[in-house]
Amino acid sequence: MVPVRPKLPRHVAVIMDGNGRWATAKGLPRSQGHRAGADAIDRLMDASLSIGLENVSLYAFSTENWRRPITEIRSIFDLLVEYIESRLEPIAEKGIRILHSGSRKRLSAKVLSKIDKAIEVTRKNRNLTVNFCLNYGSQEELLSAFGKLLEDRQKKRIGRGKPVSAKELEKYLYTYSLPPVDLLIRTAGEQRLSNFLLWQSAYAELFFCDTLWPEFDRKSLESALDWFAGRTRKFGGLENE
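This one's a predicted model, so the numbers in the text were calculated from it and none came from an experiment.

Peer 1: I would appreciate a short explanation of the sheet that holds strand β1 (residues 11-15) in the present structure.
Peer 2: Adjacent strands of a sheet pair through backbone hydrogen bonds, lying either parallel or antiparallel. Taken together, the six strands give an open sheet; going across it, the order is β3-β4-β2-β1-β5-β6, and neighbouring strands pair in parallel fashion. Looking at strand neighbours, the two that pair on one side only are β3 (96-101) and β6 (205-208), the edges of this open sheet. With direction set aside, neighbouring strand axes in the sheet form an average angle of 20°. Summarising the sheet, β1 and strand β2 (residues 55-62) pair through five bridges and their orientation is parallel. By the bridge assignment, isoleucine 15 is partnered in β2 with tyrosine 59. Lying over the sheet, helix α4 (residues 109-122) contacts β3 and β4 (128-136), oriented at roughly 140° with respect to β3.

Below, the structure written as structure tokens:
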């Protein structure tokens, strides 16, 4: 039974690290690590639904991951297509809404069509929002957002000479429909953000654990949530204000 927590984060972001190390440790190809990581996503979604989380963002593939060997990249995207084809129906039945944050550039037509279908099929679901950050990089997101903002200002002839506000810029972010990140979890012992949701995580609590992503389960999530519940969030102010 899950303990009653005084507060839950509205938005949990996860850097799913350790698939390759998990596979190597077991003498398996890295592709098997990614496959095991996909199973961990299923466990996370089920646990999130049961616990009552509202929004979860997952770092699925970064803009820097294109530097990996082409064979690994192909296996990742083949697995993504397979994952959507095999899991979309049960995901939709559970009331999960799928979103995509990231650039559409360099993604194949097949991958884009699967992503778009998942978004469309689940768009009315409200039990849980799962945001797949695919071909995502926070610096690229911010540059793109700022460029689109300036372009719109020029087209509409508004805001000329006025400073850009945070509220105005946020409208152009991939994650505009989501609240700021409250809790960011990174697995596999690394302690860096790796260009992930930098703007959105400005005041996030950062939880780092040694668990490799394929081994991350409900108990792992509960540990992170219990830790979060014990944090005092002051947002730059004083605790007693």
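Peer 1: What is the right way to look at the pattern of salt bridges in this model?
Peer 2: Charged atoms that come close allow side chains of opposite charge to pair. Per the counting criterion, the structure on display carries 20 salt bridges. Between arginine 87 and aspartate 39 there is a salt bridge whose closest N-O contact spans 3.0 Å. Of the two residues, arginine 87 sits in helix α3 (residues 70-93) while aspartate 39 sits in helix α2 (residues 30-51), which places them 48 residues apart along the sequence. Assessed through its relative accessible area of 19%, arginine 87 is described here as buried. Classification of aspartate 39 by relative accessible area gives partly exposed; the value is 37%. Ionic pairing is found between lysine 94 and aspartate 46, a salt bridge with its closest N-O pair at 2.8 Å. Here lysine 94 is found in the loop between α3 and β3, whereas its partner aspartate 46 is found in helix α2, with 48 residues between them in sequence. Owing to a relative accessible area of 37%, lysine 94 belongs among the partly exposed residues under this scheme.

Peer 1: Explain the packing of aromatic side chains to me, please; I cannot follow it from the model alone.
Peer 2: Two numbers describe a pair of aromatic rings. These are the distance of the centres and the angle of the planes. Under the counting rule described, the total for this entry stands at nine aromatic pairs. Aromatic pair tryptophan 66 and phenylalanine 77: ring centres 5.6 Å apart, planes at 20°, arrangement stacked. Of this pair, tryptophan 66 sits in the loop between β2 and α3 while phenylalanine 77 is found in helix α3, placing the two residues eleven residues apart along the sequence. Residue phenylalanine 77 is classed as buried on the basis of its relative accessible area, which comes to 9%. Consider the rings of tyrosine 136 and phenylalanine 196, whose centres lie 6.0 Å apart with planes at 85°: the pair is edge-to-face. Of this pair, tyrosine 136 sits in strand β4 while phenylalanine 196 sits in the loop between β5 (183-186) and β6, and the two are 60 residues apart along the sequence. Of the residues examined, tyrosine 136 reaches a relative accessible area of 0% and is grouped as buried. A relative accessible area of 0% places phenylalanine 196 in the buried class. Its end group placed over the ring of phenylalanine 228, lysine 7 keeps NZ or CZ at 5.6 Å from the ring centre.

About the thresholds
Residues numbered from 1 in each chain as written. Predicted model: local features only at pLDDT ≥ 70, side-chain atom pairs only at ≥ 80, totals over all residues. Heavy atoms only, no water. Pairing = 2+ DSSP bridges. Helix = DSSP H or I, 4+ residues; strand = E, 2+ residues; numbered from the N terminus. Axes fitted to C-alpha atoms, helices over the stretch in contact; angles between N-to-C directions. Contact = heavy atoms within 4.5 Å. Salt bridge = Lys/Arg side-chain N within 4 Å of Asp/Glu carboxyl O. Buried < 20%, exposed > 50% of the residue type's maximum accessible area, 1.4 Å probe, protein only. Phe/Tyr/Trp six-rings, centres within 6.5 Å; stacked < 30°, edge-to-face > 60°. Lys NZ or Arg CZ within 6 Å of the ring centre and 35° of its normal.

Just distances and angles here, no functional claims.
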